[in-house]
Amino acid sequence: MPKSPAPETAREFNPDERAALYDIINARRDVRNEFRSDPLDEAALRRVLEAAHAAPSVGFMQPWNFILIREMAQREKVQKLFAEANDEAAEMFPDERRDAYRALKLEGICNAPLNIAVTCDRTRGGKVILGRTHNPEMDVYSTVCAVQNMWLAARAEGIGMGWVSIFDHEILKQILGIPEHVELVAYLCLGYVDKLFDQPELAARGWRQRLHLDDLIMQEHWTD
Ligand SMILES: Cc1cc2c(cc1C)N(C[C@H](O)[C@H](O)[C@H](O)COP(=O)(O)O)c1[nH]c(=O)[nH]c(=O)c1N2
């Protein structure tokens with residue numbers, strides 16, 4: 001083991017920098033079909049992926065990979081899989097919600113210039129991983145942290161990002177050639193956007209409203 005390194009002084013952020021972070025967090029949106037068709041700037045895309053790779057991960061496992069999907073033929077296959085699952089999903093809602101569900105646009109697979117599948121290699125780093133010994137799903141949670149970093153970095157870059165999860169993941173894994181020991185965590189659509197909702201689109205469309213934070217904070221133990 002190398003000698004214990006000493007931590008360096010924690011840099012402080014000034015009020016403008018702090019405000020910028022909170023602005024980005026609050027201005028981030030899930031983007032469905034409002035994408036422009038022009039391709040992403042490669043340097044900006046690299047920064048977004050660097051942000052993902054800077055995410056925390058259990059035992060510093062860094063279990064993620066990023067599959068960049070640009071080919072339209074591939075995206076059309078994925079879109080078809082979405083359409084099948086979306087029809088099934090519509091049937092699961094009660095009658096009064098079904099039409100409202102069908103009216104929602106829930107993906108931008110072919111509209112966005114780039115799709116990214118974010119995966120979690122459950123075997124990376126070996127069988128015993130620090131922090132994961134009793135909760136094996138921690139590697140997947142780590143990968144979700146990477147996705148959130150991407151979402152925020154993309155917003156800062158003027159790039160919209162949407163997460164599409166209405167799929168049979170096993171079939172999607174086959175389409176993308178993902179091996180069995182690798183989990184597909186997120187299927188993302190990315191592209192520049194000119195306009196964004198200033199609140200979640202699902203709230204703006206009356207599907208579901210934001211809960212009050214004060215109703216979600218509890219003291220010492222769970223309270224109903
Ligand atoms: C794990 C996961 C999976 C999905 C989503 C999000 C997350 C975190 N969201 C986006 C979701 O609807 C959105 O985040 C909320 O409605 C809140 O809106 P904003 O993200 O604040 O714009 C999402 N949206 C959509 O249109 N189709 C989808 O399949 C999914 N799937």
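Remember, predicted model here, so these are calculated numbers, not experimental data.

Peer 1: Where do I start with the side chain of Arg29 in this structure?
Peer 2: Tracing the chain through its elements places Arg29 in the loop between helix H1 (15-27) and helix H2 (42-53). Nearest to the buried, unbridged Arg29 among oppositely charged side chains is Asp198, at 6.5 Å. Ignoring anything within four residues of it in the chain, the contact list for Arg29 reads Trp151, Met161, Leu196, Phe197, Asp198, Gln199, Pro200 and Arg210.

Peer 1: Explain the site of the ligand to me, please; I cannot follow it from the model alone.
Peer 2: As a structural note, the neighbourhood of the ligand is formed by Arg28, Arg29, Asp30, Arg32, Leu106, Trp163, Val164, Ser165, Ile166, Pro200 and Leu202. Within the contact set of the ligand, an oxygen atom lies 2.8 Å away from a side-chain nitrogen or oxygen of Arg29. At a separation of 2.7 Å, an oxygen atom of the ligand approaches a polar side-chain atom of Arg32. Broken down by class, the residue content of the shell around the ligand amounts to six nonpolar, one polar and four charged.

Peer 1: In this structure, what is going on with the packing of helix H3 (residues 72-92) against helix H6 (residues 169-176)? I would like to understand it.
Peer 2: Any two packed helices are characterised by how steeply their axes cross, that is the angle between the axes, and by the distance between the axes. Two numbers describe how H3 lies on H6: the axes approach to 11 Å, and their chain directions differ by 170°. It follows that H3 is roughly antiparallel to H6 by the angle criterion. Facing H3, whose interface residues are Gln74, Lys77, Val78 and Leu81, H6 presents Ile171, Leu172, Ile175 and Leu176. Taken together, the residues of the contact of H3 with H6 break down into six nonpolar, one polar and one charged.

Peer 1: Is there a simple way to explain the confidence of the model for the protein chain in this structure?
Peer 2: Parts of the model with low pLDDT should not have their predicted coordinates read in detail. Across the protein chain, pLDDT averages 96, with 100% of residues at or above 70. The complex prediction reports pTM at 0.97, with the ipTM value standing at 0.99.

Peer 1: Would you mind showing me how to read the pattern of salt bridges here?
Peer 2: A pair can form between side chains of opposite charge whenever their charged atoms are brought close. Applying the stated criterion across every chain yields a total of 18 salt bridges. Ionic pairing is found between Glu42 and Arg70, a salt bridge with its closest N-O pair at 3.1 Å. Linking Glu42 in helix H2 with Arg70 in the loop between strand S1 (64-69) and H3, this pair joins segments that are 28 residues apart in sequence. Judged by relative accessible area, which is 42%, Arg70 ranks as partly exposed. As a salt-bridge pair, Glu107 and Lys105 come within 3.3 Å of each other at their nearest N and O atoms. A relative accessible area of 6% means that Glu107 is categorised as buried. Residue Lys105 is classed as partly exposed on the basis of its relative accessible area of 28%.

Peer 1: Teacher, can you tell me more about the environment of Asp38 here?
Peer 2: Assignment of secondary structure puts Asp38 in the loop between H1 and H2. Here Asp38 falls in the partly exposed class, since its relative accessible area comes to 30%. Sequence-wise, Asp38 and Gly191 are 153 residues apart; in three dimensions their C-alpha atoms are separated by 7.5 Å. Aside from chain neighbours lying at most four places away, what touches Asp38 is Pro113 and Tyr192. Within the local environment of Asp38, its side chain forms a polar contact with the side chain of Arg36, the two groups lying 2.9 Å apart.

Conventions and cut-offs
Here, residues in each chain are numbered from 1, in the same order as that chain's written sequence. For this predicted model, a pLDDT threshold of at least 70 governs which residues receive local features, and a threshold of 80 or more governs which side-chain atom pairs are given and counted, while totals over whole chains, interfaces and linings are taken from all residues. Hydrogens and waters are ignored; side-chain quantities use all the structure's heavy atoms. Counting from the N terminus, the helices are the DSSP runs of H or I reaching at least four residues and the strands are the DSSP runs of E reaching at least two. Burial classes follow relative accessibility: with a 1.4 Å probe on protein chains only, a residue under 20% of its type's maximum area counts as buried, one over 50% as exposed, and anything between as partly exposed. The charge count treats Lys and Arg as positive and Asp and Glu as negative. His and the chain ends do not count. Should a side-chain nitrogen of Lys or Arg be within 4 Å of a carboxyl oxygen of Asp or Glu, the pair is scored as a salt bridge. Any two residues having at least one pair of non-hydrogen atoms within 4.5 Å are treated as being in contact. Nearness is judged by heavy atoms alone; a residue qualifies as near a molecule or strand once a single heavy atom is within 4 Å of it. In protein, a polar contact requires one atom able to donate a hydrogen and another able to accept it; more generally it is a pair of N or O atoms within 3.5 Å, and residues adjacent in sequence count only if both atoms are side-chain atoms. Each residue is assigned to one of three groups, with Ala, Val, Leu, Ile, Met, Phe, Trp, Tyr, Cys and Pro labelled nonpolar, Asp, Glu, Lys and Arg labelled charged, and all others, Gly among them, labelled polar. Note on geometry: axes are lines fitted to C-alpha atoms, helical ones only across the stretch in contact, with angles between N-to-C directions running from 0 to 180 degrees. Roughly parallel means an angle under 35 degrees; roughly antiparallel, over 145; roughly perpendicular, 65 to 115; everything else is oblique. A residue's pLDDT is the predictor's confidence in that residue, given on a scale from 0 to 100.

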